[in-house]
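# Breakdown of the fold
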Amino acid sequence: MALPVQASVSSLRHRFPENPLQPLPGACPRGASATETVSETAEEGGAGKGPPKALAESLAELEVLCNHLYEGTDLAQRMQAEKVLLELIDSPECLSQCQLLLERGTTSYAQLLAATCLSKLVSRASPLPIEQRIDIRNYILHYVASQPKLAPFVIQALVQVIAKITKLGWFEALKDQLIFRDVITDVKKFLQGTVDHYIIGVMILSELTQEMNLVDYSRPSAKHRKIATSFRDTSLKDILMLACSLLKELLAKPLTLQDQRQQSLAMQLLKLVLNCLNFDFIGNSADESADDLCTVQIPTNWRTIFLEPETLDLFFDLYHSLPPVLSQLALSCLVQFASTRRSLFSNPERAKYLGNLIKGVKQILENPQGLSDPGNYHEFCRFLARLKTNYQLGELVMVKDYPEVIQLIANFTVTSLQHWEFAPNSVHYLLTLWQRMVASVPFVKTAEPHLLDTYAPEITKAYITSRLECVPVVIRDGLEDPLDDTATVFQQLEQLCTVSRCEYEKTCTLLVQLFDQNAQNYQKLLHSSSRNPLEITVQEGRLAWLVYFVGTFVGGRLTYTSTDEHDVMDGELSCRVFQLISLMDAQLPQSSNEKVELAILWFLDQFRKTYVGDQLQHTSKVYARMSEVLGIKDDNHVLETFMTKIVTNLKYRGRCEPVISRTLQFLNDLSVGYSILKKLVKIEAVKFMLQNHTSKHFPFLGISDNYSLSDLRCRTVFYTALTRLLMVDLGEDEDEFENFMLPLTVSFENVTQIFNSSFEQEEAKRMLIGLARDLRGIAFALNTKTSYTMLFDWIYPAYISVLQRAIELWYREPACTTPILKLMAEFMQNRSQRLNFDVSSPNGILLFREASKMICTYDTIVSSSCCASLDYIVTYLFKHLSKERKKTLRCREISQDGQRLLHFMQQNPEVLQQMMSILMNTIIFEDCRNQWSVSRPLLGLILLNEKYFSELRATLIASQPDNKREALDQCFRNLMEGVEQSLLVKNRDRFTQNMSVFRRDMAEALRSEGASDPSSLDMMS
């Protein structure tokens, strides 16, 4: 590489006009200072002379601070170090201290602290003078130029300071010159030095590009866009061209991969190019989570760079020449090149550009050794997905090497799917490619063959067989089961369903064959005299995957043009799942497999969306085969099968929360459509549920200790669906509603009896939580005035008082209070005008009264509990601080937690002062219903913060007219009359008595004529 490695540091220094070791601007106060000493020592060349004593002490203190901040394990010390750091940034000595750390610090962390302080200093909302910022920038440039062997993280931090100064001063001028825009000129000076200087120069450009692209939400977004746009138009293209030319120079020389500096330089150059291509060119601030769907909006004046074939060739050559840690960066750049907006090119140019991309893909796949690295593999998969994002299938098939390349991509995809354990997160991109290509088939107008009918079935087959083959490996080796990551599985299945519909006959034939084979093996194992549990589990795992596949392909009918032949095939597949349901349910209650049950529920939901209800084409051929084999002739029969399965799950799988939850969600989805509801209420299984929704028939409604409190959450969904079914024929039949509510009535009566006796709290609590969740589901589904009134008459007044009592008893337990408060919130919802009671009805007033009573009760109790906790803390602090003042001979050791608390309160006195303000505000201005509770911590807060209490008192009195100040002053004197400097019970009681009188007198004084508006006296302000 053409670098003058022999160039010395001194030869680089004199390329900058300023003296590199001038003190930082503003660092020298008048008279002798630490900074002057640093400068003098440097000029005298006293390398062996130690700094003066004061300077050494200051340096030692700062390095201890660095140790606590970056290496310390003590949380209190670290918090204190952070606080001192913030104080240092606001201190006039900040710059001199930073220079001291940079030039005399003995550790890299000292230099990092200096860089951090400088970064925060130049980023402040009120900027430093422009001359000062210029000097800081030049100082850092000279500093890194003179010390290129600094730790990488220190150089990175210092480079960030240069980037921030440049960005924030981009439009500022000094003597009619835009002084901060000559950054490329400064960087070129580094490029004339050693390899280390070369790397620093590239890092400056890379960090600047990234900083210009970074949105600072604390500053106006319009200003950010103005700076970013100007940088894009004036500098970014030059930076990209410079980076590419430097990469060409690097590639032209023999690469010594063992040379860490060469590797570092290559990495920084590739990062620079990537930052240029990742720039937010048009200010859309795209969400990073949508990264793989975006198009790179390359500026039009960059066309010449992209039209040169050498540009793409450079990065493909870098991929083949560099080690994996660097070659994946080259691929990342190629991903962005492949995402270039279509409108940048004319049609012939676009075809030529795509041809070069495809040629590069072919070279990589013909020499796939580098893809064994997970990083390279992942980026290459992203690259392939981007090809179809920006180019149409009709354009791809016209490329010269398309037949060979699509075969290579297909083989690569099949191999990737077969090695399911290798880089599983990358499969998404491969499936995205094939999904989009298959979805484009109907729109291809060219005569050139797309060959997807040949390769898409191979992709589908590879995915199916690889997932079946992974099951025994996962079970026998105890590996993480891909089926447990349902979000990824469902995402991949959604992509696969589109691919599977290409040559659907081949897919269905394969799936029928595999399903029959595995189902027969499973039946043999079940009837075997020596049942092997491991083999049974393996077969059940395979069956779970197969059911997911059937559900996926049946659901794919919605996203692809289907035919009667396809519907017949769906019926053939569905028959096998319905038969499997009967086989699995026949084993209950002795055995059950959670994964199979969840897969079955997935299939049923997909079948519902496709072939049941309004979506159903009544002439569909799906029921032809199902009628022959199972007697299922139409969607009415299917709904009966659905409900039978739901009831079976709820009866026998009550201990399996995932299955119960998914079953109830399926029931809830079924109950949404009115046309389906009319059919459901005629089914015997539904009638059974409406008449027997008790724990005897559905164990998940039980409240035994075997169930956790979280298991009760699904009851809300159950009762929402059940109430929708009830509402179909309910009308104004109050007797039917009472019969439906009978199980809940019995439960409430039991709770009432328990409350009236020496009761077992856990049992009552569980019953109340369950009832609250049940009622919330019922209230959610009652959307008419008539039905809601029935519920109100049922719950008021007898049962709502039970809920009030529960709030009073268990206010400390969110597991209990949250369901009750959510029930009341739902009860108060005026959905569909259901709360529009008759004019003569008092129900509206009663409802408001009960809701406000519950809120006030809960608020008062909780605030009293908070006051008790605060009183405990304040008393602890007061006792220990009193002992410290007295310095008694016998002092007990304070625990580590106690020491942290004392230290925190001493360092942050405003915390207790804020609490005192809140409590005083409550006493004087609010309707305080728990004066006794508030008074207990308030006394301790006053004794700990007497000065602040005096300030609050003076502020309030000063805000009043002159003729009222004496009365208010007397109120405060009376408050503390006879109160001593102690927290003994007798003294507390005296203060509480005084406070009652204080509150009454203050209220009278503030209400009297001439007083200021009380709303303006809020002590929190």
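Residues numbered from 1 in each chain as written. Predicted model: local features only at pLDDT ≥ 70, side-chain atom pairs only at ≥ 80, totals over all residues. Heavy atoms only, no water.

### Digging into a negative patch on the surface
On the surface, a cluster of negative charge is contributed by Asp729, Glu732, Asp733, Glu734, Asp735, Glu736, Glu738 and Asp793. The element that contributes the greatest number of residues to the negative patch is helix H33 (residues 734-740), accounting for four residues. Within the secondary structure, glutamate 736 is located in helix H33. Residue classification places glutamate 736 among the partly exposed residues on the basis of a relative accessible area of 31%. (Patch = residues over 30% accessible without salt bridge, like charges linked within 9 Å, V, L, I, M, F, W, Y side chains within 5 Å. Areas by Shrake-Rupley, 256 points an atom, 1.4 Å probe, with all protein chains shown as cover. Salt bridge = Lys/Arg side-chain N within 4 Å of Asp/Glu carboxyl O. Lys, Arg positive; Asp, Glu negative; His and termini not counted. Charge placed at Lys NZ, Arg CZ, Asp CG, Glu CD. Helix = DSSP H or I, 4+ residues; strand = E, 2+ residues; numbered from the N terminus. Buried < 20%, exposed > 50% of the residue type's maximum accessible area, 1.4 Å probe, protein only.)

### Topic: the packing of helix H16 (residues 347-366) against helix H19 (residues 402-418)
Where H16 contacts H19, the two axes come as close as 10 Å, and the packing angle between them is 45°. Comparing the axis directions of H16 and H19 gives the class oblique. Crossing hand, H16 versus H19: left-handed. Contacts from Ile358, Val361, Lys362, Leu365 and Glu366 in H16 reach Val405, Leu408, Ile409 and Phe412 in H19. Grouping the constituent residues of the contact of H16 with H19 by class yields seven nonpolar, no polar and two charged. (Axes fitted to C-alpha atoms, helices over the stretch in contact; angles between N-to-C directions. Parallel < 35°, antiparallel > 145°, perpendicular 65-115°, else oblique. Left-handed = near helix turned anticlockwise from the far one by under 90°. Contact = heavy atoms within 4.5 Å. Nonpolar A, V, L, I, M, F, W, Y, C, P; charged D, E, K, R; others polar.)

### Side note on the nonpolar core
If you look at the biggest cluster of nonpolar residues, it comprises 290 residues, and the most contacted ones within it are Phe315 and Phe607. If near-sequence neighbours (up to four positions away) are discounted, phenylalanine 607 is found in contact with Val554, Ser574, Val612, Val622, Tyr623, Met626, Val638 and Phe642. Within the second largest apolar cluster, 38 residues are counted, among which are Cys867, Val934, Leu983 and Met1002. (Core = buried A, V, L, I, M, F, W, Y, C linked by side-chain atoms within 4.5 Å.)

### Side note on the packing of aromatic side chains
Enumeration according to the criterion identifies 44 aromatic pairs in this entry. Ring geometry for tyrosine 719 versus phenylalanine 740: centroids 6.5 Å apart, planes at 70°, classification edge-to-face. Within this pair, whereas tyrosine 719 is found in helix H32 (residues 714-730), its partner phenylalanine 740 is found in helix H33, the two being separated by 21 residues in sequence. Look at phenylalanine 792 and phenylalanine 837: their rings are 5.8 Å apart centre to centre, the planes differ by 55°, and that puts the pair in the tilted class. Of the two residues, phenylalanine 792 sits in helix H36 (residues 785-795) while phenylalanine 837 sits in the loop between helix H38 (814-827) and helix H39 (843-886), which places them 45 residues apart along the sequence. Under the relative-accessibility criterion, phenylalanine 792 is labelled buried at 2%. Take phenylalanine 837: its relative accessible area is 13%, and that puts it in the buried class. Here a set of aromatic residues connected by ring pairs shows up, and it is made of Phe316, Tyr377, Phe380, Phe383, Phe412 and Phe422. Stacked on the ring of phenylalanine 171, the Lys or Arg lysine 226 has its end atom at 5.0 Å from the ring centre. We note arginine 805 situated over the ring of phenylalanine 755; from NZ or CZ to the ring centre the distance is 5.1 Å. (Phe/Tyr/Trp six-rings, centres within 6.5 Å; stacked < 30°, edge-to-face > 60°. Lys NZ or Arg CZ within 6 Å of the ring centre and 35° of its normal.)

### A few points about helix H42 (residues 931-944)
The first and last C-alpha atoms of H42 sit 20 Å apart over 14 residues, in line with the 20 Å expected at 1.5 Å per residue. With respect to burial, H42 is a largely interior element, eleven of its 14 residues being buried. Every buried residue of H42 is listed here: Ser933, Val934, Ser935, Arg936, Pro937, Leu938, Leu939, Gly940, Leu941, Ile942 and Leu943. (Expected span 1.5 Å × (residues − 1).)

### Things to note about the confidence of the model for the protein
Looking at the protein, pLDDT values average 85 and 89% of them are 70 or higher. Contacts from residues 1-21, a stretch scored under 50 in pLDDT, to residues over four places away or in other chains number 46 contacts. Of the regions scoring below 50 in pLDDT, residues 286-291 engages in two contacts with residues more than four places distant in sequence or in other chains. (pLDDT = per-residue confidence, 0-100.)

### Regarding the environment of leucine 88
By secondary structure assignment, the location of leucine 88 is in helix H4 (residues 75-90). A residue is classified by how much of its surface remains accessible, and leucine 88, at 9% relative accessible area, is buried. Sequence separation of leucine 88 and leucine 121 is 33 residues, and the distance between their C-alpha atoms is 9.8 Å. Each residue touching leucine 88, except ones within four places of it in the same chain, is listed here: Leu62, Cys94, Gln97 and Cys117.

### So, a nonpolar patch on the surface
A cluster of nonpolar residues, Leu75, Met79 and Phe904, forms a patch on the protein surface that exposes about 260 Å² of accessible area. Its location among the elements puts methionine 79 in helix H4. On the basis of relative accessibility, which here comes to 39%, the residue methionine 79 falls in the partly exposed class.

### Some remarks on the pattern of salt bridges
Applying the stated criterion across every chain, the model contains 43 salt bridges. Taking the shortest distance from any N to any O, the salt bridge between glutamate 349 and arginine 303 comes out at 2.4 Å. Of this pair, glutamate 349 sits in helix H16 while arginine 303 sits in helix H13 (residues 303-307), placing them 46 residues apart in sequence. Residue classification places glutamate 349 among the partly exposed residues on the basis of a relative accessible area of 23%. For glutamate 966, the salt bridge goes to arginine 973, with nearest N and O atoms at 3.2 Å. Under the relative-accessibility criterion, arginine 973 is labelled partly exposed at 34%. Here the salt bridges share partners, and the residues they tie into one network are Asp516, Glu572, Arg576, Arg625 and Glu628.

### Structural notes on the packing of helix H21 (residues 452-477) against helix H23 (residues 504-527)
When two helices pack together, their arrangement is given by the angle between the helix axes and the distance between those axes. Relative orientation of the contacting elements H21 and H23 amounts to 20°, with a least axis distance of 10 Å. Taken together, H21 and H23 sit at an angle that is classed as roughly parallel. Crossing of H21 over H23 shows right-handed handedness. Listed contacts from H23 to Asp453, Pro457, Thr460, Lys461, Ile464 and Leu468 of H21 are Lys506, Thr507, Leu510, Leu511 and Leu514.

### Observations concerning unusual backbone geometry
Leave glycine aside and you will find that most residues have negative phi; peptide bonds, for their part, are mostly trans. Here the residue pair leucine 588 and proline 589 is connected by a cis peptide bond, since its omega of 0° sits within 30 degrees of zero. Note that proline 589 resides in the loop between helix H25 (564-585) and helix H26 (594-611). For the bond from tyrosine 796 to proline 797, the omega torsion is 5°, close enough to zero to count as cis. Position of proline 797 relative to the elements: it lies in the loop between H36 and helix H37 (798-809).

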